[in-house]
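Analysis of the macromolecular model
Take a look at the letters that make up each chain.
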Amino acid sequence: MRVEQRAGELGAHRRLAVVAAQRTTEFVVEFLACLSAAHPIAIVDGDAGAAAVNETYCPDAPGLELHQDLAVLSSTSGSTGSAKLVRLSLDAVTSNAVAIASSLSLTASDVAATVLPLQYCYGLSVLTSHLAVGARIVLTELSVVDPCFRALVDEHGVTGIAGVPHTFDMIERGRVEVLDAPSLRYVTQAGGRLAPDHVRRLAERGRRSGFELFVMYGQTEATARMAVLDPVDLPEAAGSVGRAIPGGSFRIDEPDERGVGEGCYTGPNVMLGYASTREDLARGRQVHELRAGDHGRLDDRGRLTITGRSSRIAKVHGKRIDLDHLESELALIGPDVSIVGDEEGLVVAVLDRDLPSDHESGSVGVRLDATLRQITAELVELPVARVVAVSLADFPRTTSGKLDAPALCRVARASVDQH
């Protein structure tokens, strides 16, 4: 009733709605009303995201042309100030929701909680996939490690929890019991690679507690998720992200002797294309096959294993450096190593939770690590001056829980300037 009323209020003339996502009923109503009334909706992260989109696309200015297939505009960036958007059709949104619901065997009796922000494609797909089968959504801003969140899970009989690697790191470090809730029947993990050993531990915890673990893989450019690893494939295939969702397919472009090449995906959930200018909103489909930018291989059962990301190749001092491979080598130093790189050089960070940190003020404990800096420089044969190595009380993260690479560079290099 509320969606129908709001759809009527939007009027018949198509316009672009720019809406800051919130985990509230009001946002969900606005989102569904825009889809129902065929008004494209740009889902942004807070006031900064709205300001960037309004400045770039001028939605209220006359002469704005909107392609008939355009339904949703979503940001690929962790930055709230990015105006580059992914153009999605209604078919992409609905087909992906139905495919995910099918992969998870969702029914109207299922209940999800909004662990992830709704401007994040993974978080939004949790909403759409449950709504597709008439399931319920508990809208909350609570962290999974908040004792009140466990109480909410029990109160509403939450059956599914979705998380990124950082979510499960927090659960494991905090030793919270949210995954032991008797109502829980499935847990999904996407939004970055979870180490195979961690996948195995999580799957084993599920076997003890009564939930199934679904490892997933996706991108905003494919609406949300493209692959799902069936729980029956665990622990055998703990390093894989699974098979393509119903309606989708993968191929490996120009595989090498190991069968490794760039992953390419086709399916109804692939984006129309990107938007960077006002004129782009009038364009139709420009993308039919999505080049994922991730390298991997397919096994004889159609399961995809990601071996690295093309965006994770840094060129520093004339050398091409595979940051994922370097991370795996440095992981022997400790379990939590993150590496980012740009034209200035490499930044290597390890977690040290013994460092002081004031989260209320946003101050994170940091110190330079000369030993790690030297080891890294020798491994990749770079001048030491091109490497910054730090120990941090915590990694800076985006609102979706992913590593905030630009922020990590700023924090690390600022610590060099202060010493």
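Up top you'll find the structure we're talking about.
Here goes a summary of the coordinates provided. (Residues numbered from 1 in each chain as written. Predicted model: local features only at pLDDT ≥ 70, side-chain atom pairs only at ≥ 80, totals over all residues. Heavy atoms only, no water.)

With respect to the packing of helix α2 (residues 25-36) against helix α5 (residues 121-131)
Packed helix pairs are specified by the crossing angle of their axes together with the interaxial distance, meaning the distance between the axes. To keep it simple, the criterion reads: Throughout, an axis means a line fitted to C-alpha atoms (over the contacting stretch in the case of helices), and angles, computed between N-to-C directions, take values from 0 to 180 degrees. Numbering of helices and strands runs from the N terminus; a helix is a DSSP stretch of H or I covering at least four residues, while a strand is a stretch of E covering at least two. Roughly parallel means an angle under 35 degrees; roughly antiparallel means over 145; roughly perpendicular covers 65 to 115; every other angle is labelled oblique. When the near helix sits turned anticlockwise from the far one by under a right angle, the crossing is termed left-handed; a clockwise turn instead gives a right-handed crossing. Only heavy atoms matter for contacts: two residues are in contact if any of them lie within 4.5 Å across the pair. Following the grouping adopted for this structure description, the nonpolar residues are Ala, Val, Leu, Ile, Met, Phe, Trp, Tyr, Cys and Pro, the charged ones are Asp, Glu, Lys and Arg, and the polar ones are all others, Gly among them.
Close contact between α2 and α5 brings their axes to 13 Å; oriented N to C, the two are set at 70°. With respect to their mutual orientation, α2 and α5 come out roughly perpendicular. Seen along the crossing, α2 lies across α5 with a hand that is right-handed. Every residue of α5 that contacts α2 at V28, F31 and L32 is listed here: L124, L127, T128 and L131. Considered class by class, the residues forming the contact of α2 with α5 number six nonpolar, one polar and no charged.

Here we look at α5
So the rule is basically this: Here the term buried applies to any residue with accessible area under 20% of the maximum for its type, exposed to any over 50%, and partly exposed to those in between, with areas from a 1.4 Å probe on protein chains only.
Within α5, 10 of the 11 residues are buried, leaving the element largely enclosed by the surrounding structure. Buried within α5 we find C121, Y122, G123, L124, S125, V126, L127, T128, S129 and H130.

Considerations on the pattern of salt bridges
Our working rule: When a carboxyl oxygen of Asp or Glu is within 4 Å of a side-chain nitrogen of Lys or Arg, the pair counts as a salt bridge.
Enumeration according to the criterion identifies 23 salt bridges in this entry. The closest approach of N and O atoms between E262 and R291, which form a salt bridge, is 2.9 Å. Remark: R291 occurs in strand β15 (residues 290-298) and E262 occurs in strand β13 (residues 261-266); sequence separation between them is 29 residues. For E262, a relative accessible area of 17% puts it in the buried group. Relative accessible area serves as the criterion here: at 43%, R291 is assigned to the partly exposed category. Residues participating in the shared-partner salt-bridge network are D233, E236, R243, D299, R301 and R303.

By themselves, these are just geometric observations and shouldn't be taken as functional.
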